[in-house]
Amino acid sequence: MATGKYTRLDTRRQSTNYCSTVTIVVFVGLCLVGVWMMTSSSAVPGQNVDVPPQEKKNDVKEQVTKSSESNPKQFEDSQGDLPDDATKGDTNTNVAQGDNNSDAQENQEEKFEGKAEVKTEEKLDEKPEEKLDKESNTDKSVDAQNEETQSEQRSTEDGDSKKPEGEANSETGKVKSDDNENKLAGQGDSDENSVENQLDSGDSEKKSGSDETEKKPETEEKDSKSDQRGETENGQIVEKVDQNDKESVKSTDGQADNKNSGEVFPSGAASELLNETTTQSGSWSTQAAESKNEKEAQLSTNQKNGYNWKLCNVTAGPDYIPCLDNLQAIKSLRSTKHYEHRERHCPAEPPTCLVSLPEGYRRPIEWPKSREKIWYYNVPHTKLAQIKGHQNWVKVTGEYLTFPGGGTQFKHGALHYIDFINESVPEIAWGKRSRVVLDVGCGVASFGGFLFDRDVLTMSFAPKDEHEAQVQFALERGIPGISAVMGTKRLPFPGTVFDIVHCARCRVPWHIEGGKLLLELNRVLRPGGFFVWSATPVYQKLAEDVEIWNAMSALTKAICWEVVSITKDTVNGVGIAIYRKPISNDCYEKRSEQRPPICEASDDPNAAWNVPLQACMHKIPSDSQQRGSQWPEQWPARLGKAPYWMLNSQVGVYGKPAPEDFAADYEHWKRVVSKSYISGMGINWSTVRNVMDMRSVYGGFAAALKDLQLWVMNVITLDSPDTLPIIYERGLFGIYHDWCESFNTYPRTYDLLHADHLFSKVKKRCGIVAVVAEVDRILRPEGKLIVRDDVETINELENLVRAMKWEVRMTYSKEKEGLLCVQKSMWRPKEWQTVTYATA
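Calculation criteria
Residues numbered from 1 in each chain as written. Predicted model: local features only at pLDDT ≥ 70, side-chain atom pairs only at ≥ 80, totals over all residues. Heavy atoms only, no water. UniProt positions renumbered as here; feature names shortened; annotations may be inferred. Buried < 20%, exposed > 50% of the residue type's maximum accessible area, 1.4 Å probe, protein only. Helix = DSSP H or I, 4+ residues; strand = E, 2+ residues; numbered from the N terminus. Right-handed = clockwise from strand over helix to strand, strands pointing away. Disulfide = S-S within 2.5 Å. Pairing = 2+ DSSP bridges. Axes fitted to C-alpha atoms, helices over the stretch in contact; angles between N-to-C directions. Expected span 1.5 Å × (residues − 1). Arc of directions from axis to C-beta. Contact = heavy atoms within 4.5 Å. Core = buried A, V, L, I, M, F, W, Y, C linked by side-chain atoms within 4.5 Å. Salt bridge = Lys/Arg side-chain N within 4 Å of Asp/Glu carboxyl O.

An unreviewed UniProt entry lists the protein chain under the name Methyltransferase PMT26, with Erythroxylum novogranatense given as the organism. For the protein chain, the Sequence similarities (unreviewed entry) comment in UniProt is given as "Belongs to the methyltransferase superfamily." A UniProt comment under Subcellular location (unreviewed entry) is attached to the protein chain, and it reads "Endomembrane system".

This is the structure in structure tokens:
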């Protein structure tokens, strides 16, 4: 009996001991669960697990709220209490968004079963004051697992951060797999906060902490911002932001690594840091936010409108002029007797590739030094120097090409020659009565280059022929010029606009085929204007010269040109014949033979674009209010005064009576140039010489630049009102052109291009890319482009020029109008595009 009693007693004692053990184990387990719940807010967000973004964020938000209520002093630890990983967890809580959702939390807890629990035990192990007295060897194995898990996570995150942009961002907006999308979104949020923490670490270390009352508004604000981002969570915008943030982190990888090795933010300071970097409603934004926004804009630009520019693979190489180097069209010509092969033959589709740079290209020498010398490698052609070197056209001098200032007809200097002309006919009055000159067969344009000293503006032209790079030399020197030829078509100028036409040994057969070519000069020459001809037939007695002189004498008499002077310059050894066009039709009516005939009344002398030449003369205007019936005001008075033939009964381009329209345009451009262009764009105008107004109206832009040492080529587009005669009447010059085709100039010949509402109009006809490629072709590296246009067009242009690595110096918009100023770079693409019609 006793034995049985003792047995029952032992059993009770054993049962009691067993229950105590179970109770202790359960209590310890409950403690572990409680501690895990308290610390999970700093552990869970740091994980990179495959959890749907919304579920993950709801769970995190709920955990943050619980931990805040149960442990309000969580964010008040000292700097040494929390390791870096824990601080990172706190700073990443700004990804939380949405309302608490128990179903989402349960789903999330199931997915966290493995890694999240390991991470929790690791966090517990990192807090000595929260360790339990009873730890087994199992904890050591857990630590080893934690280290292995962290290593795997770091490698996974590194792999994600190194993904190329093409994988991280989707231009087409295709839906990615859930796993990849969630990883990108989570990584983006983490990286954004990491960058902000690093940039603001100095300020954050000065702060001691934050209490619960500061934390709650912060959480609400983060939730609000998260809701906004959640609306486009699966869209392209979030993907772009994430990828841009990754790029920011790449530049600070080393700093982040150092921080992980021992540098720690106080968690209280981290809380304040979050409040600063996410609010951005104060006076100062963060550098991280500014950089992020800019990179987002650039990435959006590249994805939306990025253009893959290529180099033109053409026979002409760096000197390519599309409408003059159309070899396929030139080969198919039936005849080249009238220099048809030197005329414009534009391709059906304008090229959209970029012209290469000559090897060794340098910034051009500035005016006026450029008149005497240019860099050899900018125009590396020596043929003209070899042929004409003894005539003082151009010489090779070391790394320069030099221009002695002479020419075939003025070996001892252009200024002496210019003054000799004025002495022969004082009525010419350079820079007063005579302001705008046309120089035919200009060579290297020394005549026009030195006429600037006499306040005269000269339009020089010569063909792109065996006299290599004549006009290219002129433009590189800073002298106006175009590539053109006296062939089968009219010159691209209106009738009766030039004060003087000059030809110094230009070798043009004026007398052939009824004088068709000389009659073209008669069309563009102002009534009462002069034709200056200094050629060998004037002063030499060779049989050929005598024959030409006799033919010219008969022709000039038939068209009623008066011989004003025939003189010989003893210094240069050349003779100069000067003729004057009549100012009335009296002589025409008194001719015994009506040859050449008077043009039909329907023949418009101002029609000049691709119009065939005819051997006829246009009548002199007889109405006193008709253009050409009077000589303009003397220079410079003619610049600001409306021409006498602009009447109040006429409606101007902008809708006002023509004289008022003219005056308003002039005042407008004087105001814009003085208050905006000269001082507001950071342009060093002393380096600007060759300027083009790509869509001029009355020439107001050029007139406003009168006091600067530059010249402006005013372009009147074919679809604009024909105001080019007004520009010439003001003492300026210009040309007709269609911007769906290339301009007759060599590459890299203008310092500044100005386009006022050009691109929005021309893109409707031929596309904006081809026009931008043409702009790049004719603009010098480091040259400027100023565009005024609608905002949509400005944005398109900005995208295209950014793709060419141009510098956007200024952009401005108001309502629907915009202004853009960009600078061309030296960048050239690596890929080539063969232009078949321009390849031999």
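Having put the structure on the table, let's press on.
Caption draft 1: Just the pairing of strand 9 (residues 525–534), in detail. Counting buried positions along strand 9 gives 10 out of 10 residues, so the element sits mostly inside the fold. Each parallel crossover has a hand, and for strand 8 (residues 498–504) linked through helix 20 (residues 516–524) to strand 9 it is right-handed.

Caption draft 2: Spotlight on the side chain of Thr496. With respect to the helices and strands, Thr496 occurs in the loop between strand 7 (482–483) and strand 8. On the basis of relative accessible area, Thr496 is assigned to the buried category, the value being 13%.

Caption draft 3: Local environment of the state of the cysteines. Taken as a whole and assessed by the stated rule, the structure comprises 6 disulfides. Each sulfur in the disulfide pair Cys560 and Cys587 lies 2.1 Å from the other. Taking the torsion about the S-S bond as the criterion, the Cys560 to Cys587 disulfide, at about -85°, is left-handed. Remark: Cys587 occurs in helix 23 (residues 586–590) and Cys560 occurs in the loop between helix 22 (543–558) and strand 10 (562–569); sequence separation between them is 27 residues. The connectivity of the disulfide-linked cysteines in the protein chain, indexed sequentially, is 1-4, 2-3, 5-6, 7-8, 9-10, 11-12.

Caption draft 4: Representation of the sheet that holds strand 2 (residues 373–375). Read across the sheet, 3 strands follow the order 2-4-3 without closing on themselves; strand pairing throughout is antiparallel. The two strands at the open ends of the sheet, each matched to only one other strand, are strand 2 and strand 3 (395–397). Across the sheet, the mean angle from the axis of one strand to that of its neighbour is 35°, orientation sign disregarded. Of the strand pairs in this sheet, strand 3 and strand 4 (residues 400–402) are connected by 3 bridges, and their pairing is antiparallel. Across the sheet, the residue bridging to Val396 is Leu401, located in strand 4.

Caption draft 5: Seen up close, helix 22. Its 16 residues give helix 22 an end-to-end C-alpha distance of 23 Å, which sits within 8% of 22 Å, the value for a rise of 1.5 Å per residue. The complete set of buried residues in helix 22 reads Asp545, Met552, Leu555 and Thr556. Angular distribution of buried residues about the axis of helix 22 spans 95°; they occupy a single face of the element. Opposite its buried face, helix 22 presents the exposed residues Ala543, Glu547 and Lys557, each directed more than 90 degrees away. Elements that come into contact with the buried residues of helix 22 comprise helix 20, strand 9, helix 21 (536–539) and strand 11 (574–580). Where helix 22 ends, the next residue or the one after it, Cys560, has phi of about 70°, a positive value.

Caption draft 6: Up close: the nonpolar core. Leu438, Trp510 and Phe531 are the most contacted members of the largest nonpolar core, which totals 120 residues. Aside from chain neighbours lying at most four places away, what touches Leu438 is Met459, Phe461, Leu491, Phe493, Phe498, Ile500, Val501, His502, Leu521 and Val524.

Caption draft 7: The arrangement of the environment of Gly306 in detail. Structurally, the position occupied by Gly306 is in the loop between helix 14 (287–305) and strand 1 (311–313). With a relative accessible area of 44%, Gly306 lands in the partly exposed category. Considering only alpha carbons, one finds Gly306 and Met804, 498 residues apart in sequence, at a separation of 9.7 Å.

Caption draft 8: Spotlight on the pattern of salt bridges. Applying the stated criterion to the full structure yields 28 salt bridges. Ionic pairing is found between Asp751 and Arg780, a salt bridge with its closest N-O pair at 2.8 Å. Note that Asp751 is positioned in strand 15 (residues 750–756) and Arg780 in strand 16 (residues 779–790), a separation of 29 residues in sequence. Between Asp776 and Arg828 there is a salt bridge, with the nearest N and O atoms lying 2.8 Å from each other. Separated by 52 residues along the polypeptide, Asp776 in helix 29 (residues 768–778) and Arg828 in the loop between strand 18 (817–823) and strand 19 (832–834) bring together distant segments of the chain. On the basis of relative accessibility, which here comes to 1%, the residue Asp776 falls in the buried class. Using a relative accessible area of 12% as the deciding quantity, one classes Arg828 as buried. Overlapping salt bridges bring together Asp499, Arg526, Arg638 and Glu729 as one network.

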